[in-house]
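Letter by letter, the chains look like this.
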Amino acid sequence: MDLSIIIVSWNVREKLRKNLESLFNSQTSNSFEVFVVDNNSLDGSGKMIKEEFPNVECILNNENLGFAKANNQAIKKAKGKYILLLNPDMLVFPETIEDMLTWAKNNQQATVSGCKLISENYQIISQIRRFPKLFDQLMIVLKVPHVFPGVLNKHLRKDFDYSKDSKVDS
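About the cut-offs
Residues numbered from 1 in each chain as written. Predicted model: local features only at pLDDT ≥ 70, side-chain atom pairs only at ≥ 80, totals over all residues. Heavy atoms only, no water. Phe/Tyr/Trp six-rings, centres within 6.5 Å; stacked < 30°, edge-to-face > 60°. Buried < 20%, exposed > 50% of the residue type's maximum accessible area, 1.4 Å probe, protein only. Helix = DSSP H or I, 4+ residues; strand = E, 2+ residues; numbered from the N terminus. Pairing = 2+ DSSP bridges. Core = buried A, V, L, I, M, F, W, Y, C linked by side-chain atoms within 4.5 Å. Contact = heavy atoms within 4.5 Å. Axes fitted to C-alpha atoms, helices over the stretch in contact; angles between N-to-C directions.

**Q** Could you give me a rundown of the packing of aromatic side chains, with the residues and numbers involved?
**A** Taken as a whole, this structure holds 3 aromatic pairs when the rule is applied. Relative to Y162, the ring of F160 lies with its centre 4.8 Å away and its plane at 75°, an arrangement referred to as edge-to-face. As far as burial versus exposure is concerned, F160 and Y162 are alike and both buried. What links up through ring pairs into an aromatic cluster is the set F24, F32 and F53.

In structure tokens form, the structure reads like this:
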């Protein structure tokens, strides 16, 4: 098994459906398995997965265990050489899995990697950050960026070039 894809879900049935459709429309020669860990959704997500995506391994929790613990449940069962943690609101382009695994196989020194995220309007979603400092974390906890978005400009890598591979802090 080349890749284990793990999705943690909570009350996002329609986004999850589109996410899974995009995964299974991938154009890849690599083998992959998909796990959905549902954190006690009340929107019928579990039923939808079982009916529409029978090849997805669905772990149905009786309570919301949170993101980390839910991922760990599936990681324990994963058989892939590589693991992709994928949010349920993300869609993959048909070539994404093939491109990511080709890159990973050619860059064995990278133990954790990510890829360029693109919004529905085809704009790059900034996600690269510098190592956090106490000030940055305090601003985030106090939700200051909601009022003053520029307060984290030094923490966020606004200057990052998403067209190039690069080692990043976070």
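**Q** Can you explain the pairing of strand β4 (residues 82–85)? Please cite residues and give values.
**A** Here β4 shows a clear split, with Y82 and L84 buried on one side and none of I83 and L85 buried on the other. Bridge analysis of strand β1 (residues 3–9) against β4 gives 4 bridges, and the strand direction is parallel. Paired with L3 across the strands is Y82, a residue of β4.

**Q** Pulling in residues and values, what's your account of the nonpolar core?
**A** Ranked by internal contacts, the top residues of the largest apolar core, which has 20 residues, are I5, I7, L20, L23 and I49. Counting only elements with at least two residues in this core, the list comes to β1, α1 (13–24), β2 (32–38), α2 (45–52), β4 and α4 (96–106). Residues contacting I5, with those up to four places away along its chain left out, are L23, F32, E33, V34, F35, L84, L86 and I97. Among the nonpolar cores identified, the runner-up in size contains 8 residues, and I6, F35, V37 and A78 belong to it.

**Q** I'd love a proper account of the environment of M90, names of residues and values included.
**A** Locating M90 in the fold gives a position in the loop between β4 and α4. Overall, M90 belongs to the partly exposed group, its relative accessible area being 22%. Residues M90 and L117, spaced 27 residues apart in sequence, show a C-alpha to C-alpha distance of 8.6 Å. Here M90 is in contact with N19 and L117, once residues within four sequence places are set aside.

**Q** Before we move on, can you summarise the sheet that holds β4 with the specific residues and values?
**A** Strand pairing in a sheet takes place through backbone hydrogen bonds and is either antiparallel or parallel in direction. An order of β3-β2-β1-β4 is seen for the 4 strands of this open sheet, with the pairing classed as parallel. The sheet is open, and its two borders are formed by β3 (57–60) and β4, each paired with just one other strand. In this sheet, adjacent strand axes meet at a mean angle of 20° when their direction is disregarded. In this structure, β2 lies alongside β3, joined through 4 bridges in parallel fashion. By the bridge assignment for β3, F35 is matched with E57. Sitting on the sheet, α1 is in contact with β1 and β2, with an inclination near 170° to β2.

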